[in-house]
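Structural description and commentary
Now for the letters of each chain:
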Amino acid sequence: MTITSIEQRFPRPSVMGVVNVTPDSFSDGGVHLDPDVAAAAARRMVDEGAAIVDIGGESTRPRAEPVSAEEELARTVPVLERLAGDVPVSIDTAKSVVARRALELGAELVNDVTALRGDPELAGVVADAGAYLCLMHMQGEPRTMQQRPRYDDVAGEVAAFLEERLAFAVAQGIAEERICLDPGIGFGKSMEHNLELVRRLDVLLALGRPVLIGFSRKSTLARLTGATDLVSASVAAAVTAYERGASILRVHDVREHVEALTVARAFG
Ligand code: HH2
């Protein structure tokens, strides 16, 4: 069987649009709770040039409370049903039941912010489906992760963690070519940690897998600029991450990022 690698499916730069079907996500909470509205937003993102749309039913923002699998399914399945077959979808979940249902409904990629540490069944679900997988670094858990993030060498520690999780995923039968890595901007990190991770993206790229970066609308950008509208700041962070070698940029404002990244890529 020939498998399409993540490099082939998501050439640099590729944009992943974000659709959070949640009441409490930090930047688009409540906006896409109606499945028709969420599905329309996903379609618009693809029209604007997104390579894939990341559908999430559980907020992972700092201090977010976990939701049950039933609730996550109730939020995401109606959206996935509306998109099935014609919109490329990623499912942002750490739960195997949610991932399994999403994959049955045509999702291509499982985006797990726990890097297969949350649900022992998830690796098998991804392996059996031959799905793409994103492994993300997080220090602590969403409820408490921003309380006092601490590292001696943030880039080295994040890379070591992801190297171990990559080996674990491969040992569970997931093809290495289907996996991308994400340093987890804002997940148990200070502003300086977030900046350092992009500044030293080469440390992560040395693991040999494509890197996904989600800097869009994150609080580091608000702290740096003092702005409330974070579109320009997000675009700057995405272009910088692309320049440092990132492949997939996870963003809320697709058109602006696609335009900026198209120009950045033209410089070669
Ligand atoms: N960030 C968020 C959620 N999922 N997945 C990956 N791989 N990388 C990220 O940086 C990432 C992610 C948080 O952002 P958002 O989806 O806007 O908010 P919320 O978690 O509150 O729904």
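These remarks concern the structure in this document. (Residues numbered from 1 in each chain as written. Predicted model: local features only at pLDDT ≥ 70, side-chain atom pairs only at ≥ 80, totals over all residues. Heavy atoms only, no water.)

Quick look at the sheet that holds strand β7 (residues 212–213)
Taken in spatial order, the eight strands of this open sheet run β6-β5-β4-β3-β2-β1-β8-β7, and their pairing is parallel. Only two strands of the sheet have a single partner each, and these edge strands are β6 (179–182) and β7. Where strand β2 (residues 52–56) and strand β3 (residues 89–92) come together, four bridges link them in parallel fashion. Note that in β3 the partner of Asp54 across the bridge is Ser90. Strand contacts of helix α11 (residues 254–266): β1 (14–20) and β8 (248–251), with the helix running at about 170° to β1, the strand carrying the most contacts. (Pairing = 2+ DSSP bridges. Helix = DSSP H or I, 4+ residues; strand = E, 2+ residues; numbered from the N terminus. Contact = heavy atoms within 4.5 Å. Axes fitted to C-alpha atoms, helices over the stretch in contact; angles between N-to-C directions.)

Some details on the pairing of strand β5 (residues 132–136)
Taking burial as the measure, the five residues of β5 include five buried ones, the bulk of the element. Here β5 shows two buried faces, one formed by Tyr132, Cys134 and Met136 and the other by Leu133 and Leu135. Sheet topology places strand β4 (residues 109–112) next to β5; four bridges connect them, and they run parallel. Residue pairing across strands places Asn111 opposite Cys134, the latter belonging to β5. Crossover handedness for the path β4 to helix α5 (residues 122–129) to β5: right-handed. Relative to β6, β5 is paired through four bridges, and the arrangement is parallel. Of the residues in β6, the one forming a bridge with Cys134 is Cys180. For the segment spanning β5, helix α6 (residues 154–171) and β6, crossover handedness is right-handed. (Buried < 20%, exposed > 50% of the residue type's maximum accessible area, 1.4 Å probe, protein only. Right-handed = clockwise from strand over helix to strand, strands pointing away.)

Function cannot be read off these values alone, since they describe shape.
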